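# Structural overview
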Amino acid sequence: MPFLPLLLAMASTFSPTSAARALLPGSTSRPLFLAAAAASSGNVISSYISLPSPLCFPARSSPSTESNTPLTPLPGLFAGRIQPSRKGLDFRRGQFTVCNVAAPTAAEQEATASAAAKESQRPVYPFAAIVGQDEMKLCLLLNVIDPKIGGVMIMGDRGTGKSTTVRSLVDLLPDIRVVVGDPFNSDPDDPEVMGPEVSERVLRGDTSLPVTTAKITMVDLPLGATEDRVCGTIDIEKALTEGVKAFEPGLLAKANRGILYVDEVNLLDDHLVDVLLDSAASGWNTVEREGISISHPARFILIGSGNPEEGELRPQLLDRFGMHAQVGTVRDAELRVKIVDERARFDRDPKTFRESYNEEQEKLQQQISSARSNLGAVQIDHDLRVKISKVCSELNVDGLRGDIVTNRAAKALAALKGRDSVTVEDIATVIPNCLRHRLRKDPLESIDSGLIVIEKFYEVFS
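None of these values were measured; they are calculated from a predicted model. (Residues numbered from 1 in each chain as written. Predicted model: local features only at pLDDT ≥ 70, side-chain atom pairs only at ≥ 80, totals over all residues. Heavy atoms only, no water.)

## Looking at the packing of aromatic side chains
Evaluated as defined, the whole model comprises seven aromatic pairs. Taken together through their ring pairs, the aromatic side chains of Tyr 125, Phe 346, Phe 353 and Tyr 357 make up a single cluster. (Phe/Tyr/Trp six-rings, centres within 6.5 Å; stacked < 30°, edge-to-face > 60°.)

Right under this line is the structure:
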């Protein structure tokens, strides 16, 4: 036979399609070279491909011997299942090798995503590394120990580390028990802070709630947030078509049993201020739209910061904050140099800088955890409570929030110091922060309101 017809005959016999179909099971109609193309384009082959044993092609010498030619094993391939060697398919000298690329399990994917998210997070400046600003740090710690104090309002000059200090509190927040998958951080043991779905399951007698421990969440409320993003919204289309209350939780739901931080709170829109006032006072958030009403718990520690030069806060919102911290610029030159050096170290290598404060951070975490567990055992004498109320009365403080917050803050400070009784020094430390922002403003008064509180304290407690 002439050479060209022989070559064409061999090519037709050993075409990629026929060779691939010879290797695949009889029920498989997809040629293997298509699988090779899919693998080379990034698709994953998740199982072995069963092949005839032995793997062989006819060894052709001439067309006349086609029917009785013995089969010769194809070099480079194994009999039976092809063992995994490389990802995808490898074409070398007209041969190919198939390997098994096992798909990751759901747990592995979740762990990988969690690790990637943790790596992508912005590094937080350690709380223990903050130099100075003891008043602000103490107010934040006391609110973590006793969330019922009612939050902190931090006012001070720009560039004094207000936002940095608040955000560094994340590492110190203790763990709480929450229901798995619940967007409201529901407490499985306290009906007052359960979301609607969890509450219904508990009322039905469901005792199979999946429970886990998680860090107390800190939610940043941006100034440009819309009301539906803060409060949540109702899917009207789903409610009308399916007859269910399709509620999309907002930031207040996420902040339940956590911390809600508002930077530049004195610049917040009035309608959002009203929402925060209502939720902070009642501990619940209610969304009403088109005749549909949904309520969920929204108990959070409200932390705000701002610059007094940019405007004062409304008295109604100011009174909702349990404590008020006044932050000033550091004047000592040596201390300023230390702050600059520490910040430069953090910016240069955040991971190493954070690791250098691990021991101090862990010690502070243990101190907070111990204080939270011992808070219920702390007592305050009746005489001290009477004197606290007398100070509030003589300062013309409106309402009784000043009395309540001062008692709670003094107990939290005693617990932080590891004692089971409140002393006069504890009250002297916290009472300026509890009453300073509750005094009536006198435009002609040149003395700081904190000094007025201290003077009245020593007058009553002498």
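## Some words on the nonpolar core
If you look at the biggest cluster of nonpolar residues, it comprises 65 residues, and the most contacted ones within it are Leu 140, Leu 142, Ile 154, Leu 169 and Ile 427. Once residues lying within four places of it in the same chain are set aside, the contact partners of Leu 140 are Phe 127, Val 152, Ile 154, Thr 165, Val 166, Leu 169 and Ile 303. The next biggest cluster of nonpolar side chains, apart from the first, holds 34 residues, and it includes Val 230, Val 265, Leu 268 and Phe 300. (Core = buried A, V, L, I, M, F, W, Y, C linked by side-chain atoms within 4.5 Å. Buried < 20%, exposed > 50% of the residue type's maximum accessible area, 1.4 Å probe, protein only. Contact = heavy atoms within 4.5 Å.)

## Observations concerning the sheet that holds strand E11 (residues 258-263)
Judged by pairing direction, the sheet is parallel, and its five strands sit side by side in the order E8-E11-E14-E5-E15 without closing on themselves. Of all strands in the sheet, those with a lone pairing partner are strand E8 (218-220) and strand E15 (323-327), marking the two edges. Across the sheet, the mean angle from the axis of one strand to that of its neighbour is 20 degrees, orientation sign disregarded. Bridging between E11 and strand E14 (residues 300-306) involves six bridges; their strand directions are parallel. (Pairing = 2+ DSSP bridges. Helix = DSSP H or I, 4+ residues; strand = E, 2+ residues; numbered from the N terminus. Axes fitted to C-alpha atoms, helices over the stretch in contact; angles between N-to-C directions.)

## Quick word on helix H11 (residues 270-282)
The terminal C-alpha atoms of H11 lie 18 Å apart, and with 13 residues this matches the ideal 18 Å at 1.5 Å per residue to within 8%. Along H11, the positions that sit buried rather than exposed are Leu 272, Val 273, Val 275, Leu 276, Leu 277 and Ser 279. In the segment just after H11, Gly 283 is the residue with positive phi, at about 80 degrees. (Expected span 1.5 Å × (residues − 1).)

## Thoughts on the environment of Lys 351
Within the secondary structure layout, Lys 351 lies in helix H14 (residues 350-356). C-alpha separation for the pair Lys 351 and Pro 123, spaced 228 residues apart in sequence, amounts to 7.5 Å.

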